[in-house]
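The primary structure of each chain is shown beneath.
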Amino acid sequence: MVCGITRVMPRYAAIDIGSNSVRMLAAEATPAGIRSLAADRSVTRLGESVFRSGRISEDAIRFLCEQLARMREVYVKLEVVGVRAVATAAVRDASNQHEALERASEAAGTPVEIISGQEEARLIHLGVQSRWPHKNKRILIVDVGGGSVELVLSESGDLKAAFSKPLGAVRLTEVFLKGDPPDERALARMEKYVDEKLAAPLAKIGPGPFDRLIATSATAAAIVCAINRVPRARRDTADRLRATAAQVRKLSKELNVRDLAGRRKFAGIGPRRAEIIVAGAAVFRRVLDTFQHPSLYYLAAGVRDGIIADLGARGVGRELSQLSREQRAVVEEMARRYGVSLRHVRRVAVLAHELFEGLKPLHRLPAEQGKLLEAAAYLHDIGHFISDTGHHKHSGYIVSHADMPGFTDAERHIISMLCRYHRKTMPQVRHSAYQTLASDWRRSIVFLAPLLRLADSLDRGHEQRVEEVACQFKNGAVVLTLKAHADADLEQWAAEGAGDVFRQVYQTPLTVVRLRAGGS
């Protein structure tokens, strides 16, 4: 029995291999945003050797792979349905990138791809909008990474312009800042270089005005924490904290004259971050001055969040709940052999899949079980070949004794049970074939059978009047909205009737409403 509505959405994992660190995020992509399940970060400093010699050192590759293997264990246990791993500036610039990618892919258990600066900026924008939407605002997003800086202009939630410049904190430190503390001439050369690289974005975007400047990345977190005196142990509380341009200028000047030991004494600046914070703070200071903005807000979002949002928006993993081409060919051939209308069962299969996906927050079943529901949708009527009377029992019998390549015996048995219970009574204590199943499978049948009944009822006239069905949750109830032709009264009435079993099993009110196809 389901009490209330708990949204259970697809789980994804994102890996961001940057110039300074590798980050992992496992999360659910929900309509309301991203719900983090696990996050990890490890400083790798791939950029140190790349920006010095042009290659990723063997030690850095080995350490990276160790961290990726550890992170992989986390997201595998969470049973994510999609993973994307990306590498940015340091790997883009490395002469031995192919070796690094091959070894990293093996450690992560998924292909690692090098992404362009534009793609990195796009993902950062997605991550920011998923964490802190700005639907009616003009904002400038600045991400200071280890190898590059991404600047993104966003208007009303849309990306309008994006730039990627080689101004990362690790890169600038390796190229310009040799002394500790760095001498004034080195700082001046670095700032001149920063200003030169910011000239093109300034010419394109202009100095503003912006409703808000959002700073992302660990460097931004360290700056905001130092200014607001937030200790590293409480860095999570720094999300959306503000720092004025005057405060950033003051902090940057103070950092410029401190040695490493002195920089490590600032609240919120970790021992490794202190090694590169001078360059990072200088970039944020010059961005604020160049674009003439009075302050910045730190946001704990970035490439990883963008990857999760992107995977969710593209529906990655949904294919797990659908039959493969070979499996679909098997069930269609069975349906054809027993004289079933393919137009009818194909539509029932489509509607069943839409119900399975839309009602995931209620049934909480593994994605793979959507395939079994779809197969049953193709085969639920084959029992008519034996007799119209009790055809649901005949359908179940035929499937249970059929040869179905591409399906395991256990899957075939579940499909037969779904066919058996697609009408009339639901599973009873006296049904021995059902009672002998494992408890998880019994639960699956009980929760899937009402969906098959609803899908079948939505093509009651076998005329494919209902084109699609959308599931919504309103005030603790489920609303099925049918996109249908004007004469779908029969299907709507049938679905309301089939909904009785749904209401009983799911302990949730259900209503069925209709939209005219092509209209509202």
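Below: a short report on this structure. (Residues numbered from 1 in each chain as written. Predicted model: local features only at pLDDT ≥ 70, side-chain atom pairs only at ≥ 80, totals over all residues. Heavy atoms only, no water.)

**Concerning the overall build of the protein**
Okay, step 1: Across its full length, the protein holds 21 helices and 14 strands.
Okay, step 2: With respect to the principal axes defined by its C-alpha atoms, the protein has extents near 95 × 50 × 35 Å.
Okay, step 3: By sequence separation, contacts in the protein at least 24 residues apart represent 71% of the contacts at least 6 residues apart.
Okay, step 4: For the protein, the accessible area works out to roughly 22,600 Å², and carbon and sulfur atoms hold 48% of it.
Okay, step 5: For the protein, the distance from the average site of its 76 positive side-chain charges to the average site of its 60 negative ones is 5 Å. (Helix = DSSP H or I, 4+ residues; strand = E, 2+ residues; numbered from the N terminus. Contact = heavy atoms within 4.5 Å. Areas by Shrake-Rupley, 256 points an atom, 1.4 Å probe, with all protein chains shown as cover. Lys, Arg positive; Asp, Glu negative; His and termini not counted. Charge placed at Lys NZ, Arg CZ, Asp CG, Glu CD.)

**Overview of the pattern of salt bridges**
Okay, step 1: Counting across every chain of the model gives 37 salt bridges.
Okay, step 2: Between aspartate 180 and arginine 263 there is a salt bridge, and its shortest N-O distance comes to 3.2 Å. Separated by 83 residues along the polypeptide, aspartate 180 in the loop between helix 6 (169–176) and helix 7 (184–205) and arginine 263 in helix 10 (residues 260–263) bring together distant segments of the chain.
Okay, step 3: Taking the relative accessible area as the measure of exposure, arginine 263 reaches 6% and is therefore buried.
Okay, step 4: Here arginine 286 and aspartate 289 are joined by a salt bridge, their closest N and O atoms 3.1 Å apart. Here aspartate 289 and arginine 286 lie together in helix 11 (residues 277–290), a separation of 3 residues that amounts to about one turn.
Okay, step 5: What makes arginine 286 buried here is its relative accessible area of 18%. (Salt bridge = Lys/Arg side-chain N within 4 Å of Asp/Glu carboxyl O. Buried < 20%, exposed > 50% of the residue type's maximum accessible area, 1.4 Å probe, protein only.)

**Observations concerning the packing of aromatic side chains**
Okay, step 1: Counting across every chain of the model gives 7 aromatic pairs.
Okay, step 2: Ring plane angle 80 degrees and centroid distance 6.2 Å describe the contact between tyrosine 421 and tyrosine 434, whose orientation is recorded as edge-to-face. Here the residue tyrosine 421 occupies a position in the loop between helix 18 (409–420) and helix 19 (432–435), and tyrosine 434 occupies one in helix 19, the gap between them amounting to 13 residues.
Okay, step 3: Taking relative accessible area as the criterion, tyrosine 421 reaches 2% and is therefore assigned buried.
Okay, step 4: Look at tyrosine 434 and you get buried, because its relative accessible area is 7%.
Okay, step 5: With a centroid separation of 4.4 Å and 20 degrees between ring planes, the pair formed by phenylalanine 502 and tyrosine 506 is classed as stacked. Of this pair, phenylalanine 502 and tyrosine 506 are both found in helix 21 (residues 489–506), 4 residues apart, which corresponds to roughly one turn of the helix.
Okay, step 6: The class for phenylalanine 502 is buried, based on a relative accessible area of 0%.
Okay, step 7: Here a set of aromatic residues connected by ring pairs shows up, and it is made of Phe447, Phe502 and Tyr506.
Okay, step 8: Just above the ring of tyrosine 297 sits the side chain of arginine 212; from NZ or CZ to the centre is 4.9 Å.
Okay, step 9: Between arginine 443 and the ring centre of phenylalanine 447, over which it is positioned, the NZ or CZ distance is 4.4 Å. (Phe/Tyr/Trp six-rings, centres within 6.5 Å; stacked < 30°, edge-to-face > 60°. Lys NZ or Arg CZ within 6 Å of the ring centre and 35° of its normal.)

**A closer look at the layout of surface pockets**
Okay, step 1: Approximately 850 Å³ is the volume attributed to the largest pocket.
Okay, step 2: Forming the boundary of the largest pocket are 39 residues, of which Arg23, Arg41, Ser217, Ala218 and Arg304 lie nearest the centre.
Okay, step 3: Those elements that place two or more of their residues in the lining of the largest pocket are strand 2 (21–30), strand 3 (33–43), helix 5 (117–131), strand 6 (138–144), helix 8 (218–228) and helix 12 (303–313).
Okay, step 4: For the lining of the largest pocket, the leading source of residues is strand 3, giving 4 residues.
Okay, step 5: In terms of residue class, the lining of the largest pocket is built from 12 nonpolar, 13 polar and 14 charged. (1 Å grid on protein atoms, 1.4 Å probe; cavity = no way out; pocket = protein on both sides within 12 Å on 5 of 7 lines; lining within 4 Å. Points joined across faces, edges and corners; volume = space filled by probe spheres on them. Nonpolar A, V, L, I, M, F, W, Y, C, P; charged D, E, K, R; others polar.)

**Considerations on the sheet that holds strand 8 (residues 158–165)**
The strands making up a sheet associate through hydrogen bonds between their backbones, and the pairing can be parallel or antiparallel.
Okay, step 1: Across the sheet, which stays open at both edges, the 6 strands sit in the order 8-7-6-9-11-10 with mixed pairing between neighbours. One side of each edge strand has no neighbouring strand; the edge strands of this open sheet are strand 8 and strand 10 (242–244). Across the sheet, the mean angle separating the axes of adjacent strands is 25 degrees when strand polarity is ignored.
Okay, step 2: With 7 bridges connecting them, strand 7 (residues 149–155) and strand 8 associate as antiparallel partners. Bridge pairing in strand 8 links valine 149 to lysine 165.
Okay, step 3: Of the strands in this sheet, strand 10 and strand 11 (295–298) touch helix 9 (residues 245–256), which is tilted by about 75 degrees from strand 10. (Pairing = 2+ DSSP bridges. Axes fitted to C-alpha atoms, helices over the stretch in contact; angles between N-to-C directions.)

**A word on unusual backbone geometry**
Okay, step 1: Of note, the bond from aspartate 180 into proline 181 is cis; its omega dihedral lies within 30 degrees of zero at 0 degrees.
Okay, step 2: Within the secondary structure layout, proline 181 lies in the loop between helix 6 and helix 7.
Okay, step 3: Each neighbour pair has its own omega, and for glycine 208 with proline 209 the value is 5 degrees, a cis peptide bond.
Okay, step 4: Along the chain, proline 209 turns up in the loop between helix 7 and strand 9 (212–216).
Okay, step 5: Located in the positive-phi region is histidine 462, a residue other than glycine, with phi close to 55 degrees.
Okay, step 6: Inspection of the secondary structure puts histidine 462 in the loop between helix 20 (439–457) and strand 12 (466–474).

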